[in-house]
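Chain by chain, the residues run as shown.
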Amino acid sequence: MNKDSLLPFLALEIFAKAKQLEAQGQKIYHLEVGEPGGSPAPRVIEAVKKALPNPQTYTHAKGNIDLRESLCDFYALHHGVKIDANNIVITMGSSSGFLLAFLGAFETGSSIALTRPGYPAYLNILNGLGFKPVEIALRAENQWRLSASDIEIAYKKEPFDGLLFASPANPTGASIPRDEFKKIIKTCKKLGVQLISDEIYTGLDYSQKPLTALEFDSQTIVVNSFSKYFCLTGYRIGWLILPDKFLRKIEMLQQNMFISAPSLSQTAAIIALEEIDYYQNQKQQYQNNRDILTNGLIDLGFEGVKPADGAFYCYVDASKFTNNSFEFCQNMLASIGVGATPGADFDRVNGDEYVRFSFAGKKEDIEQALKKMTGFLPRP
Ligand SMILES: Cc1ncc(COP(=O)(O)O)c(C=O)c1O
């Protein structure tokens, strides 16, 4: 492993500092982390309480069949897609899903393309496992959306075996429009590139009806999670949907690396899938928060601020205020108690001039944070 390429997750470093200041009694506005501000649906908590005295031990390595079947019903209902429960593997959040997908679907050392900016763990995990990441640079003027032609151009320059992206994305909130998504899948097929679709924010798309790559192609590897839309971050529970050809190897990897996903979290996940009205209500609150944050950041003088298509992030150009966003975020936290994430987490080339603000938290906190920033930033 190339140790130099493994970097800290700066969002978590800022978060740790924020927690420390909070423990010392300072009021902190947590706009740095992508953790849902809301709680899981009440019925989820009740089900966990009920299951607690008699917890299941290990489950089947691929997860309990009732959870996998509930996921099949969920995809049939919300996406009109028929999935076999046999093709689902329940994971510890999408994070362990990435490990399983990389190791199970590619030869070590394979090249896997990623977007820049993008979720930092992709790059760090690939580097850590000895794969070769190939970055595809996205552009603010395209609303940070990946396109089929971006993929063609990048492939011509340096071919790759796989492509991983999230739509909606972290940190940009960019969502790929349905027609472009179809073209991307077609392009990947033509080039012989195995697609991994990170669909963790699919439920939080404000720009179009949530979509899954499986609506267009059954050979995509889908990674998803109960962390964001379903507010089960700390339960560490997610899922993979896999083409037949990778199933057995990934099942064996799961058996050996993790045995099974936590059983109590599997209980919680089944109930979460039944509570869509509750989660749709939370989604509406994120969308309201998005509008408050977007308008506030524009008024403060940040550049390139547009309403995010999805997820719960605003990724803004802070070059008017800094060319070292980590230092900027540290100062802002220490001076006014507002946490934000340095763009360097998501983009090792241009990220020093960008900052990500999360609108996953409470409306009042976002409003207060914006007021505090008015005093902290030089006037536009
Ligand atoms: C795009 C993306 N994928 C994956 C994850 C990991 O989530 P988890 O392991 O909790 O499912 C995150 C977390 O922020 C994310 O933003």
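Computed from a predicted model, the values in this text were never measured in an experiment.

Rules and cut-offs
Counting starts from 1 at the beginning of each chain's written sequence and moves along it residue by residue. Where local features are concerned, this predicted model is filtered to residues with pLDDT of at least 70; where side-chain atom pairs are given and counted, the filter is 80 or more; whole-chain, interface and lining totals use all residues. The helix count covers DSSP runs of H or I at least four residues long, the strand count covers runs of E at least two residues long, and both are numbered beginning at the N terminus. All radius of gyration figures rest on C-alpha atoms, and the globule criterion is 2.2 Å times the number of residues raised to 0.38. Three exposure classes are used, based on other C-beta atoms lying within 10 Å of a residue's own C-beta, which is placed from the backbone: buried for 20 or more, exposed for 12 or fewer, and partly exposed in between. Contact between two residues is assigned whenever their backbone-derived C-beta positions fall within 7 Å. The rule is simple: place the C-beta atom from the backbone, and if it lies within 6 Å of a molecule or strand, the residue is near it. Gly is put with the polar residues, along with every residue not named as nonpolar or charged; the nonpolar set is Ala, Val, Leu, Ile, Met, Phe, Trp, Tyr, Cys and Pro, and the charged set is Asp, Glu, Lys and Arg. Residues of type Ala, Val, Leu, Ile, Met, Phe, Trp, Tyr and Cys that are buried and joined through C-beta atoms within 7 Å form what is called a nonpolar core. For the purposes of this description, domain bounds are those given by an automatic or database domain assignment. Given a helix with a known number of residues, its expected span is that number minus one, times 1.5 Å. Arc definition: it is the arc formed by the directions from the helix axis to the C-beta atoms.

1. A few points about the overall build of the protein chain
Next up, step 1: Within the protein chain, the regular secondary structure consists of 12 helices and 12 strands.
Next up, step 2: Scaling as 2.2 N^0.38, a compact globule of 380 residues should have a C-alpha radius of gyration of about 21 Å, and the protein chain matches this with 20 Å.
Next up, step 3: Counting only C-alpha atoms, the protein chain reaches 60 × 55 × 40 Å along its principal axes.
Next up, step 4: Of all 380 residues assigned to the protein chain, the portion counted as buried reaches 45%.
Next up, step 5: Long-range pairs, those at least 24 residues apart, make up 72% of the contacts in the protein chain between residues at least 6 apart in sequence.

2. Topic: unusual backbone geometry
Next up, step 1: That bond from Ser167 to Pro168 is cis: its omega, -10°, falls within 30 degrees of zero.
Next up, step 2: Topologically, Pro168 is positioned in the loop between β5 (162-166) and α7 (178-191).
Next up, step 3: Backbone torsion omega between Asn170 and Pro171 reads 15°, so that peptide bond is classified as cis.
Next up, step 4: Of note, Pro171 is situated in the loop between β5 and α7.
Next up, step 5: Positive phi values are uncommon outside glycine, yet Cys231 reaches one of about 60°.
Next up, step 6: By the element assignment, Cys231 lies in the loop between β7 (221-225) and β8 (238-241).
Next up, step 7: On the basis of neighbour counts, which here come to 23 C-beta atoms within 10 Å, the residue Cys231 falls in the buried class.
Next up, step 8: With phi around 60°, Ala311 is a residue other than glycine that occupies positive phi space.
Next up, step 9: When you line up the elements, Ala311 lands in the loop between α10 (276-300) and β9 (313-317).
Next up, step 10: Classification of Ala311 by C-beta neighbours within 10 Å gives buried; the count is 31.

3. Points about the site of the ligand
Next up, step 1: Taken together, 13 residues are adjacent to the ligand, and Gly93, Ser95, Asn170, Ser225 and Ser227 come closest.
Next up, step 2: Split into classes, the residues belonging to the shell around the ligand amount to three nonpolar, nine polar and one charged.

4. Quick look at the environment of Tyr286
Next up, step 1: Structurally, Tyr286 can be placed in helix α10.
Next up, step 2: Classification of Tyr286 as buried rests on a count of 24 C-beta atoms within 10 Å.
Next up, step 3: When neighbours within four sequence positions are excluded, Tyr286 is seen to be in contact with Leu204, Phe312, Phe359 and Ala360.

5. A few points about the nonpolar core
Next up, step 1: Formed by 108 residues in total, the largest nonpolar core has its most connected members in Leu240, Cys314 and Val316.
Next up, step 2: Residue contributions to this core reach at least three from each of two domains, namely domain 1 (3-40 + 277-376) and domain 2 (42-275).

6. Brief notes about helix α1 (residues 10-23)
Next up, step 1: The end-to-end C-alpha distance of α1, which contains 14 residues, comes to 20 Å, matching closely the 20 Å that a straight helix rising 1.5 Å per residue would cover.
Next up, step 2: Of all the residues in α1, the buried ones are Leu10, Ala11, Ile14 and Ala18. All buried residues of α1 project into a common sector of 105° when viewed along the axis, lining one side. Every exposed residue of α1 that faces more than 90 degrees away from the buried side is listed here: Ala16, Gln20 and Ala23.
Next up, step 3: Phi for Gly25, located one or two positions after α1, is positive at around 100°.

7. Regarding the domain arrangement of the protein chain
Next up, step 1: Along its sequence, the protein chain is carved into domain 1 (3-40 + 277-376) and domain 2 (42-275).
Next up, step 2: When each unit is reduced to the centre of its C-alpha atoms, the spacing between domain 1 and domain 2 is 24 Å.
Next up, step 3: Taken together, the contacts link 33 residues of domain 1 with 34 residues of domain 2.
Next up, step 4: Broken down by secondary-structure element, the contributors of at least two residues to the side of domain 1 that touches domain 2 are α10 and β9.
Next up, step 5: Among the elements that line the side of domain 1 that touches domain 2, the one with the most residues is α10, at six residues.
Next up, step 6: Across the side of domain 1 that touches domain 2, the residue classes tally to 16 nonpolar, nine polar and eight charged.

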